[in-house]
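Report on the structure
What follows is each chain in one-letter form.
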Amino acid sequence: MTEKLTPEARAAALARLDGWTEDTERDAITKTFWFDGFDAAFGFMTRVAIKAESMVHHPEWSNVYGRVDVTMTTHSAGGLTALDVELAEFMDRAAAGTGRADMG
């Protein structure tokens, strides 16, 4: 089982993640991605879904037109783990290759 991040590891992860914020009530990180339209948002979600499936680790997310809201936490560990950070970093890279209006 994956272990929750230590406070030091959590701080280091948040320092290097672009635009992700901590949700202390859920022991999670969150981010909203903005894209030029639904097709770009859906393409991003498809790329992330393939990666998430290969990791056997899945985001909580929702999509409305060009917006994708994401929450990352590891339910089995009861909070934020290295898996969440790894998938968040992948999402940032995946979003950079799409027709996005903004990330933040």
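A brief look at the structure comes next. Note that the structure is a prediction, hence the values are computed from the model and not measured. (Residues numbered from 1 in each chain as written. Predicted model: local features only at pLDDT ≥ 70, side-chain atom pairs only at ≥ 80, totals over all residues. Heavy atoms only, no water.)

Concerning the overall build of the protein chain
Check the secondary structure of the protein chain and you find three helices and five strands. Along the protein chain, helices and strands appear, N-terminal first, in the series α-β-β-α-β-β-α-β. Computed over its C-alpha atoms, the radius of gyration of the protein chain comes to 13 Å, within 12% of the 13 Å expected for a compact globule of 104 residues. Its C-alpha atoms put the protein chain at 35 × 25 × 20 Å along the principal axes. Restricting to contacts in the protein chain with at least 6 residues of sequence separation, those with at least 24 account for 67%. Taking the 10 positively charged and 17 negatively charged side chains of the protein chain as two groups, their mean positions are separated by 3 Å. (Helix = DSSP H or I, 4+ residues; strand = E, 2+ residues; numbered from the N terminus. Rg over C-alpha atoms; globule rule 2.2 N^0.38 Å. Contact = heavy atoms within 4.5 Å. Lys, Arg positive; Asp, Glu negative; His and termini not counted. Charge placed at Lys NZ, Arg CZ, Asp CG, Glu CD.)

Considerations on the nonpolar core
Within soluble globular proteins, side chains that are nonpolar generally end up buried alongside one another. Trp 20, Phe 33, Phe 35, Phe 44, Val 68, Leu 87 and Met 91 are the most contacted members of the largest nonpolar core, which totals 25 residues. Elements with a contribution of two residues or more to this core: strand S2 (28–34), helix H2 (38–55), strand S4 (67–72) and helix H3 (82–96). (Core = buried A, V, L, I, M, F, W, Y, C linked by side-chain atoms within 4.5 Å. Buried < 20%, exposed > 50% of the residue type's maximum accessible area, 1.4 Å probe, protein only.)

Side note on the environment of Gly 78
Along the polypeptide, Gly 78 turns up in the loop between S4 and H3. According to the relative accessible area criterion, Gly 78 is partly exposed, its value standing at 47%. The spacing of Gly 78 and Ala 11 is 67 residues in sequence and 18 Å in space, taken between C-alpha atoms. Setting aside anything within four residues of it in sequence, one finds Gly 78 in contact with Lys 4 and Asp 27.

Observations concerning the pattern of salt bridges
Where charged atoms of side chains with opposite charge meet at close range, the side chains can pair. Scanning the model with the defined rule gives eight salt bridges in all. As a salt-bridge pair, Glu 22 and Arg 10 come within 3.5 Å of each other at their nearest N and O atoms. You can see Glu 22 sitting in strand S1 (residues 21–23) and its partner Arg 10 sitting in helix H1 (residues 7–16), a full 12 residues away along the chain. The class of Glu 22 is partly exposed, set by a relative accessible area of 37%. (Salt bridge = Lys/Arg side-chain N within 4 Å of Asp/Glu carboxyl O.)

Examining unusual backbone geometry
For Asp 27, which is not glycine, the phi torsion reads 50° and is therefore positive. Along the polypeptide, Asp 27 turns up in the loop between S1 and S2. For Tyr 65, which is not glycine, the phi dihedral falls at a positive 50°. Topologically, Tyr 65 is positioned in the loop between strand S3 (60–64) and S4. Owing to a relative accessible area of 56%, Tyr 65 belongs among the exposed residues under this scheme.

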